[in-house]
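Residue-level structure breakdown
If you want the building blocks of each chain, they are given just below.
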Amino acid sequence: YSPTMTLARALSENNELRNIYEEDRIIRNLVDSARKVEGIARHASTHAAGVVISRESLTRYVPLQGGSKVDGQTSVMTQFSMGDIARIGLLKMDFLGLANLTILGKAKEIISRNHGIDIDLHRIPMDDAGTFELLSAGETTGVFQLEGVGMRRYIKELKPTTFSDIAAMVALYRPGPMEHIPTFIKNKAKHGLEPIHYPHPALSRILEETYGVIVYQDQVLLIVQALAGYSLGQADIFRKAMGKKIAEVMKKERRRFIEGARKKGFSTDIATQVFNLIEPFAGYAFNKAHSVSYALIAYQTAYLKANYPAEYITAFLIIHADQPEKVASAVTECRRLGISILPPDINRSQVSFSIEKDGAAPAIRFGLSAIKNVGPGAVEPMVAERSKNGEFQSIEDLCRRCDLRGINRRVVESLIKAGAFDSLGSRAALLSNVNRIIALAQREQRLRESGQSTMFDLWGEKTSVPMSSLDLGTTDDVPMKEKLAWEKELTGVYLSEHPFSAVAGELSAETTMVGQIDVELVGKTVDIVGMVGSVRQLFTREGKPFASVALEDLSGQVEIMVWPKVFAETTELWQEGNILEVNGKVRMREDRVQLSCEEVRSYQPSEETEEKVEVAAVAEEEVAPPPAEVEQAVPETKPKETPMEKRRLVISLSQTSDAEKDKASLYRIKEILQSFPGHDEVNLRVTNGNKITHLRFFDIFADYCPELHARLVEVVGEEGLKLEKK
């Protein structure tokens, strides 16, 4: 698909479409009918943010008409397009809304409700250590302006320590200025250690804040003013003229600038050098006020994520509940941070996402209205009734107590399939009785509306009224695979467990996890194993089919580009749900990381791995003793004469039926290990019944010490640690 695609072009380029067009009379009639209306304007649409402003009544200058409804009221729109509006001399301004501002407001509400703290975002500390640690680690998923793959790499390299660092990165990360980011990072790293070189001392005061690199439009204006004697108004005219890149204009401005600089006592060489320095920036340098405004929102979102991660991500999910890709991204981030995601539950969930206590730690509960096909109006009466009179004891209790007039069959089926009614019965039994559930709810509603009473009403409220009973039968519950497919379709994520969980324990230590693929691997060839999440078939300019595939595992998702030659040979493998082993080269495209597929096959555990697992299952285990205290570990000989002992830390985990808890433990272990960098290799030993799987962290080496031992014991116990000599 592309905006320029036509039916005629699609028929000529797509063999599959052309074949069914020629063979199927109904399809041919449909396509021929569509071609007759193709290209005709379907409707008049309203600009998302454009507002037309006039000194007098708009009806004196432009015809108006009714537009779409805004807040329940019909809006007014012009009958002229925006181009014509400008040509007749009216002013059109765009007033843009920003979802991140709504997220910040919602996060403040949640923090106030959960912690009793009213945060004033304009008074938060601008030197918060946790915020800068989060940015320096590149943990910027959900952080305004800083979550792109490329930006994340630069932020990690920069390791910002001041707010002005963030503002400068916002300004530099755009075509043109981006090539100066490495210089900016290098100069910051040297700041305070080596003097920064300026073309002339007169520029030091102007460029000191940005480590000698021109970042903002404002700096261009100040440099022109300082060296050539321009007024700020003349300097802005100079900047705009330079931005047009017209050779004659630039030549004229160069002469004028050098002449002005010489009058102020600067040499021709210095003037020429400075002009050459500002020339590339004049057209595309960012306005500092704009950069600082964006950076402020970026800092505020990073501050809340660093200090109130569960509350911030809950707010993010509430605002983006109708965007499955963003929901999936946020859920992956929660799992990485060790925040549990609890499934929708009619007796626990609120209308939207909410926070619950999962033991001592906060967990995020999936909201009922976040389920596809289920709107707030359908579930608000249920949540209100539960809050007032307690949990629902059965599906009959739900039907008797709730006003379900806003619910149709599709809503009920979606709630059941997503698992929201699991506490009231099995999904299979409830689905096979949907009609009876709806009929019972309608009957109970009619009784309430008619005011009919029963003999039990004579005993007052203390006597419970026997409820109409639904015999749901003894239907076997649906297979887990089907449950997971429903959850993915209706919520955008897997909630009961991930289909890849069974495979994850069998992977060899050499396999790269999807979540590990980032800009640092660009240009390298990797092997990954993952499940096909979605497939989008596309066509080259020559009409050859290729595919963009989302491959996922427990650590995240990556886009796989399957080019025509490979796709033609392996088309049947690229089906949703298939577990594949892919070999390919990591590359960057439009600020995102992709894997260009070179080889692919259906994943099959190797016999060698299986044999190794069986042997390991009967191996005798030792418990790692706590390492000796530091003073006892000091060798008597000189350190330089003693070669470093190569050690391997083996951490043992038992896989349980609670996949979320297992993943949280794994993320916690990884977080602890990263806090103690060193030279010791780290392996995982995962036990599942009689089966033991060995995995190795290739990107983590630790320094096994008493503090690390104590931290890990809190997660896996004394018996879960063993230190080996390599």
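These remarks concern the structure in this document.

The rules we used
Residues numbered from 1 in each chain as written. Predicted model: local features only at pLDDT ≥ 70, side-chain atom pairs only at ≥ 80, totals over all residues. Heavy atoms only, no water. Helix = DSSP H or I, 4+ residues; strand = E, 2+ residues; numbered from the N terminus. Buried < 20%, exposed > 50% of the residue type's maximum accessible area, 1.4 Å probe, protein only. Contact = heavy atoms within 4.5 Å. Areas by Shrake-Rupley, 256 points an atom, 1.4 Å probe, with all protein chains shown as cover. Phe/Tyr/Trp six-rings, centres within 6.5 Å; stacked < 30°, edge-to-face > 60°. Lys NZ or Arg CZ within 6 Å of the ring centre and 35° of its normal. 1 Å grid on protein atoms, 1.4 Å probe; cavity = no way out; pocket = protein on both sides within 12 Å on 5 of 7 lines; lining within 4 Å. Points joined across faces, edges and corners; volume = space filled by probe spheres on them. Patch = residues over 30% accessible without salt bridge, like charges linked within 9 Å, V, L, I, M, F, W, Y side chains within 5 Å. Salt bridge = Lys/Arg side-chain N within 4 Å of Asp/Glu carboxyl O. Core = buried A, V, L, I, M, F, W, Y, C linked by side-chain atoms within 4.5 Å. Pairing = 2+ DSSP bridges. Axes fitted to C-alpha atoms, helices over the stretch in contact; angles between N-to-C directions. Polar contact = N/O pair within 3.5 Å; in protein donor to acceptor, adjacent residues only side chain to side chain. Parallel < 35°, antiparallel > 145°, perpendicular 65-115°, else oblique. Nonpolar A, V, L, I, M, F, W, Y, C, P; charged D, E, K, R; others polar.

1. Considerations on the overall build of the protein
Check the secondary structure of the protein and you find 28 helices and 16 strands. Taking all 726 residues of the protein together, 41% fall into the buried category. For the protein, contacts bridging at least 24 residues in sequence account for 63% of all contacts bridging at least 6. In the structure as shown, the protein presents an accessible area of about 40400 Å², 51% of it carried by carbon and sulfur atoms.

2. Notes on the packing of aromatic side chains
If you walk through the whole model with that rule in mind, you get eight aromatic pairs. On the basis of an interplanar angle of 50° and a centroid distance of 5.8 Å, the ring pair of Phe132 and Tyr299 is categorised as tilted. With Phe132 in helix 6 (residues 129–136) and Tyr299 in helix 15 (residues 288–307), the pair connects residues that are 167 residues apart, well separated along the chain. On the basis of relative accessibility, which here comes to 7%, the residue Phe132 falls in the buried class. Overall, the relative accessible area of 0% leaves Tyr299 in the buried class. Here Phe257 and Phe275 contribute two aromatic rings whose centre-to-centre distance is 5.7 Å and whose plane-to-plane angle is 55°, an arrangement assigned as tilted. Placement of the pair is Phe257 in helix 13 (residues 247–263) and Phe275 in helix 14 (residues 268–278), with a sequence separation of 18 residues. Chaining the aromatic ring pairs together yields one cluster made of Phe132, Phe163 and Tyr299. Over the ring of Tyr154 we find Arg153; its NZ or CZ atom is 4.6 Å from the centre of that ring.

3. Topic: empty space enclosed by the protein
Following the criterion strictly, the structure yields two cavities of 30 Å³ or more and no others. In this structure, the largest cavity spans a volume of roughly 60 Å³. Lining of the largest cavity is provided by Thr141, Gly142, Tyr312, Ile313, Phe316, Ala330 and Glu333. Listing elements by their share of the lining of the largest cavity, those giving two or more residues are helix 16 (309–319) and helix 17 (324–337).

4. Regarding a nonpolar patch on the surface
A cluster of nonpolar side chains, namely Val51, Ile53, Leu91, Met93 and Phe95, defines an oily patch on the protein surface of about 430 Å² accessible area. Elements supplying a minimum of two residues to the nonpolar patch: strand 1 (50–53) and strand 4 (91–94).

5. Notes on the pattern of salt bridges
Per the stated rule, a full pass over the model turns up 29 salt bridges. Among the salt bridges present, the one from Asp397 reaches Arg400, with a minimum N-O distance of 3.5 Å. Of the two residues, Asp397 and Arg400 both sit in helix 19 (residues 395–401), three residues apart, roughly one turn of that helix. One salt bridge in this structure joins Arg409 and Glu413, with 2.9 Å as the shortest N-O distance. Taken together, the residues Arg409 and Glu413, both in helix 20 (residues 409–417) and four residues apart, mark about one turn of the helix. In this structure Arg409 comes out as partly exposed when scored by relative accessible area, which is 37%. One salt-bridge network, held together by shared partners, links Glu139, Lys305, Glu333 and Arg336.

6. Brief notes about the nonpolar core
In a soluble, globular protein the nonpolar side chains are often hidden away together inside. Membership of the largest hydrophobic core comes to 86 residues, with the highest contact counts inside it found for Phe257 and Leu304. The leading source of residues in this core is helix 8 (residues 163–172), at eight residues. Ignoring sequence-local partners within four residues, the contact set of Leu304 consists of Leu104, Ala107, Ile111, Ile119, Leu121, Pro309 and Tyr312. Listed in part, the 37 residues of the second largest apolar core include Ile346, Met382, Phe421 and Leu490.

7. Observations concerning the environment of Tyr303
Residue position: Tyr303 is located in helix 15. Classification of Tyr303 as buried rests on a relative accessible area of 11%. Between the C-alpha atoms of Tyr303 and Leu135, which are 168 residues apart in sequence, the distance is 9.6 Å. Once residues lying within four places of it in the same chain are set aside, the contact partners of Tyr303 are Ile124, Pro125, Asp128, Thr131 and Tyr308.

8. Observations concerning the pairing of strand 10 (residues 556–562)
The buried count for strand 10 comes to six of seven residues, which makes it a mostly enclosed element. The sheet contact formed by strand 9 (residues 545–553) and strand 10 spans seven bridges and is antiparallel. Bridging from a neighbouring strand, Glu552 pairs with Gln557 of strand 10. In this antiparallel pair of consecutive strands, strand 9 and strand 10, the connection spans two residues. Pairing of strand 10 with strand 12 (residues 592–602), which is carried by three bridges, proceeds in the parallel orientation.

9. Re the sheet that holds strand 12
Around the barrel, which closes on itself, the five strands sit in the order 8-9-10-12-11 with mixed pairing between neighbours. Along the sheet, successive strands turn relative to each other by an average axial angle of 50°, direction set aside.

10. With respect to unusual backbone geometry
If you check the backbone angles, Gln145 has positive phi at about 70° while not being a glycine. For Gln145, the position within the fold is in the loop between helix 6 and helix 7 (149–158). Even without being a glycine, Asn373 presents a positive backbone phi close to 75°. Position of Asn373 relative to the elements: it lies in the loop between strand 7 (361–365) and helix 18 (376–389).

11. Quick notes on the side chain of Thr570
With respect to the helices and strands, Thr570 occurs in helix 25 (residues 564–570). From its side chain, Thr570 meets the backbone oxygen of Val566 in a polar contact 2.7 Å long. A polar atom in the side chain of Thr570 sits 2.9 Å from the side chain of Trp574.

12. Focus on helix 6
Within helix 6 the residues assigned to the buried category are Thr131, Phe132, Leu134, Leu135 and Ser136. The elements touched by buried residues of helix 6 are helix 7, helix 8 and helix 15. Directly after helix 6, the chain includes Gly138, whose backbone phi takes a positive value near 75°.

13. A short note on the packing of helix 6 against helix 15
The N-to-C vectors of helix 6 and helix 15 enclose an angle of 100°; their axes lie 8 Å apart at closest approach. Considering the angle they form, helix 6 stands roughly perpendicular to helix 15. Across from Gly130, Thr131, Phe132, Leu134 and Leu135 in helix 6, the residues of helix 15 making contact are Tyr299, Ala302, Tyr303, Lys305, Ala306 and Asn307. Residue composition of the contact of helix 6 with helix 15, by class: seven nonpolar, three polar and one charged.

Nothing here speaks to function; it is geometry throughout.
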